[in-house]
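For reference, the chains in residue letters:
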Amino acid sequence: MSQKIKSIRIHPGIGLARMGNSDEFFIGPEAPGVVVDPGGSGGPGPDGGTYRDSKARLKRQAQRYRVYAYDADGKVVAELTSDSELVKSLRWRVHVRNMKAANYAFQGAYLFDPDELRNPSIQPGKKPIERTQLIIDPGVHTITSGQTEPVVMKGDVFTGIEKGKLPGALRFEGFTPKDTSQEVEVTYTPAKGIELGQLRLDAQSRLLFVPAPGKGDCVTTPKVMLSNPSEFVEPPNGPDNGKNPLTNQFAYFNVPGWWDDTCGGEIDATVTLSDGTVLSTRDNVKTETDDGTRNPNAGAWIITAPPKYAPHMYHVVSILDRVYEAFPEAYPNAGKKTNFYRDIYPIFANAVHYGWVSAEAAGVSPDAKNKGHGPAQSGNLLNPGYLALLSNPAENMKPIRQTIYRLMRHAPGQRGRLVDSLMPPPPQRPTSWKNDEFKRAEVDTLMPKLWGTGGKPLQNKQLGNDLPDQFLSLTDWQLAHLKNWAEGDFEVGEMQKPVAFDKLPLNDQPHALDSAALQPTIGGGFHPGIEFPYLIIYREFFAEAFRVGKDVEPGSLSAFMSSPWQGDFWSCNEAWWPTQRPDIVFEYDANTKTRTYKEWFRGYDADGEPLSSTDGYEQMAYAWPKLGMVLPLKTADGDFLKDNGSVVFVEQERDPSLNRPPAKGN
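Residues numbered from 1 in each chain as written. Predicted model: local features only at pLDDT ≥ 70, side-chain atom pairs only at ≥ 80, totals over all residues. Heavy atoms only, no water.

The name given to the chain in an unreviewed UniProt entry is L-lysine 6-oxidase, with the source organism recorded as Pusillimonas minor.

Here is the structure:
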């Protein structure tokens, strides 16, 4: 068989690992629709596992990478592992960075300015990749089959800096300037030995990328607090009514002096076959230890991100959907007749699930009462009687289908793609979003009623911006299927259960890995996002679907995310990404079929202060690993409890320490 092998590729092409403050970890999803168990026993996981360790710390989610062998025609020959008779040795090469502190300031997709940098007084005038004092770069690390000890990747940041000046209008811990219009001198202390992740091997020498523990801190004295300056500086939107750089360049997603331990970068492998043949995902590799040059079509990528607190829920638009939008040639169902249970039902199910994590979707907010997706709400599309009508292609059902289709929000442009309404990809200087080709009327009654890449409508109104895409739109593929469905041009099909990875045919495994890693993600609104920024929609950054381009530096794509991530994670507490970061959670009485909601972000911080609904930026840095998971409620026989067709989701595995103030003196 080794004679058939002509090349190798790593899958997934883009992997995702999620942080946790426990040393324990579990391996993330490897087959679409399969929610993995976090390990352990006596818990609410799919197989009875627990998302927390014995000390109530949140487990990390690792990404596993596999090497597949291909023949001359690009067909899968085998998975290559250390226990295969085809393989003599397997060596992994990984290079990740955190470039957030060195990157351009996030201004929003429509306001991007390449002249605005984070930490602008440090190594000014240089490109982000050249601002080495602000980059956490552990360098290249390798791990080889047979190696049992983990490889820990660490680096330093804010090095070689002594003094600097920051705007006095920022909030400082324990210090208030006499004149906030004047700059404040601060002292920098470098942060050293920051872990960005670990490399481990499973029993067959597949790579396990274990993310960092989710730390972050400020290196300045006095310390800059996580906050949104525009909320504390007059006039209401910050200096000059929001036109001063303080509003964005030093806002909660661009906080100066801060670092976090997220990262992104390249994953490669070199395999020596049993006959001595050396194959690598890098070009110009002749021996096992050659470094070679990156081949983006064969090597993989890693990004690390915050936890997903509702692992059974999927966002209505995922990064997987965005990949198919950017690379329609990779969409597996292109040319196939629209199938209700494959193409339409998931959109409806995802929408209904929001009714357990979003106040508006739940119908419990004053303006959405009885209009949401809760079990007894008019928007519960999983109601068995309603579902029977929606899945019926009969002509007399057409008015109902068309009414629902008209409620769906489209992105502008002929194809209805998000990218068609955006500027050229950064770092190009954008054209004006005020040009006629970008104008659109935003209608707040359309669905999904989630904020979009243009930012929250109220915030735009306060800042005097009339940006496009203030609401999330579905992708062109989703809308095309919905249109066919509305017209009655669809087949009903059958509900399909997810297939476990080890039950998949060999030929289906690579795409399953690629898909599964990106399915439980947020594909908008990108402001900046949770796992990946809006750069995912530009083909220019990719060699092909699921493959990051050759000239993309490790850490450079993830650098557009919030710095630190906790700032954006707190701020997006309403109608952004409730399937990852819940807005509200529920308790449920199965006897009366009634439910009671609470704020997800509640309890006490490290100082005994209540977790606030008005300024939780600093508190999120403390509370994030303690917050509750949102999981299906199970019946006695292990099935998911349902109410009127909707799976019942309740808060579980919340760290009890959040419920009480810390003892004085501790």
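Student: Is there a simple way to think about the environment of Gly-464 in this case?
Tutor: Here Gly-464 is to be found in the loop between α7 (457-463) and α8 (476-487). Look at Gly-464 and you get exposed, because its relative accessible area is 61%. C-alpha of Gly-464 to C-alpha of Lys-243: the two residues are 221 residues apart in sequence and 9.4 Å apart in space. (Helix = DSSP H or I, 4+ residues; strand = E, 2+ residues; numbered from the N terminus. Buried < 20%, exposed > 50% of the residue type's maximum accessible area, 1.4 Å probe, protein only.)

Student: Looking at this model, I keep getting lost on the pattern of salt bridges. Mind explaining?
Tutor: This model, assessed by the stated rule, comprises 37 salt bridges. Across the pair Asp-23 and Arg-60 runs a salt bridge, and its minimum N-O distance is 3.6 Å. Of this pair, Asp-23 sits in the loop between β2 (14-18) and β3 (25-27) while Arg-60 sits in strand β4 (residues 60-70), and the two are 37 residues apart along the sequence. Residue Glu-651 pairs with Arg-602 through a salt bridge whose shortest N-O separation is 2.7 Å. You can see Glu-651 sitting in strand β28 (residues 649-652) and its partner Arg-602 sitting in the loop between β24 (594-599) and α11 (617-623), a full 49 residues away along the chain. Summarising the burial analysis for this pair, Glu-651 and Arg-602 share the class buried. Taken together, the shared-partner salt bridges in this structure form one network comprising Glu-30, Arg-64, Arg-66, Glu-79, Asp-202 and Arg-206. (Salt bridge = Lys/Arg side-chain N within 4 Å of Asp/Glu carboxyl O.)

Student: Sorry if this is basic, but what is going on with the UniProt feature "domain: L-lysine epsilon oxidase C-terminal" (unreviewed entry) in the chain here?
Tutor: Residues annotated by UniProt as "domain: L-lysine epsilon oxidase C-terminal" (unreviewed entry) correspond here to residues 465-585. Between the C-alpha atoms that bound residues 465-585 the distance is 33 Å, and the span itself is 24% helix and 6% strand. (UniProt positions renumbered as here; feature names shortened; annotations may be inferred.)

Student: Got a minute to help me understand helix α2 (residues 319-326) in this structure?
Tutor: Spacing of three or four residues puts side chains on the same side of an α-helix, whose turn is 3.6 residues. In terms of burial, α2 is largely enclosed, as eight of its eight residues are buried. Among all positions in α2, only Ile-319, Leu-320, Asp-321, Arg-322, Val-323, Tyr-324, Glu-325 and Ala-326 are buried. Tucked into the core, α2 has its buried residues touching α8 and α9 (509-518). Of the residues flanking the start of α2, the one acting as N-cap is Ser-318, its side-chain oxygen 3.2 Å from the backbone nitrogen of Leu-320. (Contact = heavy atoms within 4.5 Å. Polar contact = N/O pair within 3.5 Å; in protein donor to acceptor, adjacent residues only side chain to side chain.)

Student: In this structure, what is going on with the domain arrangement of the chain? I would like to understand it.
Tutor: In many reports, interface size means the accessible area that the parts give up when they come together. Under the domain assignment, the chain is made up of domain 1 (2-305) and domain 2 (582-658). If you average the C-alpha positions of domain 1 and of domain 2, the two centres end up 28 Å apart. In this assembly, 25 residues from domain 1 lie in contact with 16 residues from domain 2. Here domain 1 and domain 2 share one salt bridge between them. With its nearest N and O atoms 3.3 Å apart, the salt bridge here joins Lys-223 to Glu-618. Our enumeration of links across domain 1 and domain 2 arrives at eight residue pairs in polar contact (both at pLDDT 80 or more). Residues belonging to the side of domain 1 that touches domain 2 are distributed by class as follows: 12 nonpolar, eight polar and five charged. (Domains from an automatic or database assignment. Nonpolar A, V, L, I, M, F, W, Y, C, P; charged D, E, K, R; others polar.)

Student: Quick question: what am I supposed to make of the packing of aromatic side chains here?
Tutor: The geometry of two aromatic rings is summed up by the distance between their centres and the angle between their planes. Counting across every chain of the model gives 32 aromatic pairs. A centroid spacing of 5.3 Å and a plane angle of 65 degrees characterise the contact between Tyr-324 and Tyr-331, whose relative ring orientation is edge-to-face. A ring pair is formed by Phe-348 and Trp-485, whose centres lie 5.4 Å apart and whose planes are at 70 degrees; its orientation type is edge-to-face. Residue Phe-348 is located in helix α3 (residues 340-353), and its partner Trp-485 is located in helix α8; the two are separated by 137 residues in the primary sequence. On the accessibility criterion, Phe-348 (1% relative accessible area) is buried. Looking at Trp-485, the relative accessible area reads 0%, which means it is buried. (Phe/Tyr/Trp six-rings, centres within 6.5 Å; stacked < 30°, edge-to-face > 60°.)

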